[in-house]
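For reference, the chains in residue letters:
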Amino acid sequence: MRTIHVKTDGYEAAAAALKRAPLDGDARLEEAVRGIIDDVRERGDEALLALGRRFDCPTMDGLEVTPQEWDSAHDQVESALKHAVESAANNITAFHEKQRRASWMDVQEGRVTGQLIRPLDRVGLYIPGGLAVYPSSVLMCALPARVAGVPHLVMCSPCGKDGTLHPLVLFAAQVAGINQIFKCGGAGAVAAMAFGTQSIPAVDKIAGPGNAYVTLAKKMLWGIVDIDMLAGPSEVCVVADEGANPVFAAADMLTQAEHEADTAAYLITPSADFAETVRRELDRQMETLPRRDILRRSLAEHGAIVVTESLDQAFELVNVCAPEHLALMVRDPFAALGSIKNAGAILMGDYSPQTLGDYYAGPSHTLPTSGTARFASPLNVDTFLKKSSYIYYSPEALRQAAPTLEQFAAAEGFDAHVRAVRLRQERL
């Protein structure tokens with residue numbers, strides 16, 4: 001794991017260590033994804049079943065989750081897990097309820113302008129699956145859409161080798177109000193939701209995390225369908241002063257690094273002693289975790305410790321990094337909050353681990369990655385809304401505005417625009 005000292009290695013070296021490479025298409029990957037998209041567009045369900053038999057369940061014979069599978073899932077989940085899902089759902093819903101927005105109208109003499117805010121009609125959610133189990137992603141993607149008022153939610157997720165989805169995922173889908181679930185994954189699922197097939201309805205927007213195939217398919221199909229974001233591998237940045245707890249700092253770095261080997265974990269601190277203590281603590285904690293091989297690769301290939309000349313400089317570098325997750329482990333995190341411009345989710349203080357944000361606190365854990373927090377936001381209610389502006393002018397109001405309108409239109413060389421105003425003036 002690299003250590004960069006700003007004083008000796010330079011600010012630019014530190015900034016470079018904290019930046020992730022953008023999503024660039026690998027030629028072979030692009031060709032494979034394009035082939036899958038074209039196949040699904042042409043053959044629909046037949047292509048999806050072939051992909052499912054190849055990658056998921058060899059005996060797969062249907063796409064949609066049946067009512068019997070829904071009912072069976074509810075019975076298989078133990079009460080304690082049901083309570084955990086329902087408690088998290090309550091927090092997620094309550095947080096997003098505060099983001100509700102209303103249409104508005106501005107009325108002045110002879111003029112009315114306003115904005116209509118409406119939910120999308122149908123949204124598709126991609127939830128990773130197969131060997132993995134992500135009920136939290138179901139809640140984090142579906143509940144903001146529900147609060148926004150989306151009437152129809154379609155979910156796609158790859159099934160296991162037995163041709164079923166995990167009962168806990170199906171129970172979370174029930175709690176979140178998913179209307180239809182289909183057992184398909186990867187780029188094929190994204191294409192199916194974009195174009196529609198014999199079974200899967202076309203949607204207006206696709207949201208949810210996925211692997212490189214899913215992300216690239218979303219990128220290729222944007223314009224045919226809207227997408228939430230291009231989410232890359234997960235990342236965490238811990239900013240700590242000398243008073244922080246090194247055990248907690250190391251634990252939070254490992255929290256994200258255990259996802260997969262291409263996850264990034266960063267520590268930025270003005271204390272060289274603290275940095276060295278965290279390095280030792282990372283080694284100690286890794287040895288006790290079952291995913292230690294993934295953790296070692298993640299930290300070795302994508303991890304970095306940056307020792308700054310001041311805490312203010314640490315905040316500057318956070319904004320350069322624009323991390324998906326920021327753990328703010330400083331004496332007064334609320335005072336420091338004003339210095340943070342670019343971050344997806346900010347976990348503040350020693351007792352706000354990322355686990356809270358991933359499962360329970362309320363904000364969605366679907367977050368901008370790879371530095372895109374410079375311009376992008378976490379998945380939220382607005383993700384699932386569309387806006388239309390409207391204008392009404394009375395005859396007198398148009399007469400007053402006519403000279404300005406004609407000047408603009410003439411300056412841009414649009415004679416028909418000028419005529420549209422003059423014809424109305426003549427009528428008056």
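Above this text sits the structure in question.
*Asks:* Break down the pairing of strand β5 (residues 152-156) for me, citing the residues and quoting the values.
*Replies:* Across the five residues that make up β5, a large majority, four, are buried. In this structure, strand β4 (residues 122-126) lies alongside β5, joined through five bridges in parallel fashion. The residue bridging leucine 125 from the neighbouring strand is methionine 155, located in β5. Pairing of β5 with strand β6 (residues 180-182) involves three bridges; the strand directions are parallel. If you follow cysteine 156 over to β6, its bridge partner there is phenylalanine 182.

*Asks:* Let's hear about the sheet that holds strand β14 (residues 385-393): which residues, and what values?
*Replies:* Taken in spatial order, the three strands line up as β2-β3-β14 in an open sheet, and their pairing is antiparallel. Because the sheet does not close on itself, it has two edges, and the strands there are β2 (104-108) and β14. Taking the axes of each pair of neighbouring strands and ignoring which way they run, one obtains an average angle of 10 degrees across the sheet.

*Asks:* Could you give me a rundown of the environment of methionine 220, with the residues and numbers involved?
*Replies:* Structurally, methionine 220 can be placed in helix α10 (residues 212-221). You can call methionine 220 partly exposed: its relative accessible area is 21%. The spatial distance from the C-alpha of methionine 220 to the C-alpha of glycine 232 is 15 Å, given a sequence separation of twelve residues. For methionine 220, the residues in contact, after removing those within four places along its chain, are Glu30, Val33, Arg34 and Ile37.

*Asks:* Give a detailed account of α10, specifying residues and quantitative values.
*Replies:* Since there are 3.6 residues in each turn of an α-helix, residues three or four apart along the chain are aligned in direction. Taken residue by residue, α10 has Val214, Thr215, Leu216, Ala217, Lys218 and Leu221 as its buried positions. Looking at the buried positions of α10, the neighbouring elements they touch are α3 (27-43), β4, α9 (186-195), β7 (205-207) and β8 (226-227). Just downstream of α10 lies glycine 223, where phi reads positive at about 110 degrees.

*Asks:* Talk me through the environment of leucine 120; I want residue IDs and the actual numbers.
*Replies:* Within the secondary structure, leucine 120 is located in the loop between β3 (111-119) and β4. Of the residues examined, leucine 120 reaches a relative accessible area of 11% and is grouped as buried. It is 37 Å that separates the C-alpha atoms of leucine 120 and tyrosine 266, two residues lying 146 residues apart in sequence. Ignoring anything within four residues of it in the chain, the contact list for leucine 120 reads Val150, Pro151, Asp204, Lys205, Thr383, Phe384 and Lys386.

*Asks:* I'd like a rundown of the nonpolar core, residues and numbers included.
*Replies:* Among the nonpolar cores identified, the biggest contains 75 residues, and Val138, Leu139, Ile178, Ile181 and Ile200 are the most heavily contacted of them. Considering every element that reaches this core, the biggest residue donor is helix α7 (residues 135-148), with nine residues. Not counting residues up to four positions away in its chain, the partners in contact with leucine 139 are Val85, Ala88, Ala89, Ile92, Pro144, Ala172, Val175 and Ala176. Among the nonpolar cores identified, the runner-up in size contains 24 residues, and Ala14, Ile268, Val318 and Cys321 belong to it.

*Asks:* Residues and numbers for a nonpolar patch on the surface, please.
*Replies:* On the surface, Leu356, Tyr359 and Tyr360 cluster together into a nonpolar patch covering about 300 Å² of accessible area. Its place among the elements puts tyrosine 360 in the loop between α16 (354-359) and β14. Owing to a relative accessible area of 41%, tyrosine 360 belongs among the partly exposed residues under this scheme.

Definitions and cut-offs
Residues numbered from 1 in each chain as written. Predicted model: local features only at pLDDT ≥ 70, side-chain atom pairs only at ≥ 80, totals over all residues. Heavy atoms only, no water. Buried < 20%, exposed > 50% of the residue type's maximum accessible area, 1.4 Å probe, protein only. Helix = DSSP H or I, 4+ residues; strand = E, 2+ residues; numbered from the N terminus. Pairing = 2+ DSSP bridges. Axes fitted to C-alpha atoms, helices over the stretch in contact; angles between N-to-C directions. Contact = heavy atoms within 4.5 Å. Core = buried A, V, L, I, M, F, W, Y, C linked by side-chain atoms within 4.5 Å. Patch = residues over 30% accessible without salt bridge, like charges linked within 9 Å, V, L, I, M, F, W, Y side chains within 5 Å. Areas by Shrake-Rupley, 256 points an atom, 1.4 Å probe, with all protein chains shown as cover. Salt bridge = Lys/Arg side-chain N within 4 Å of Asp/Glu carboxyl O.

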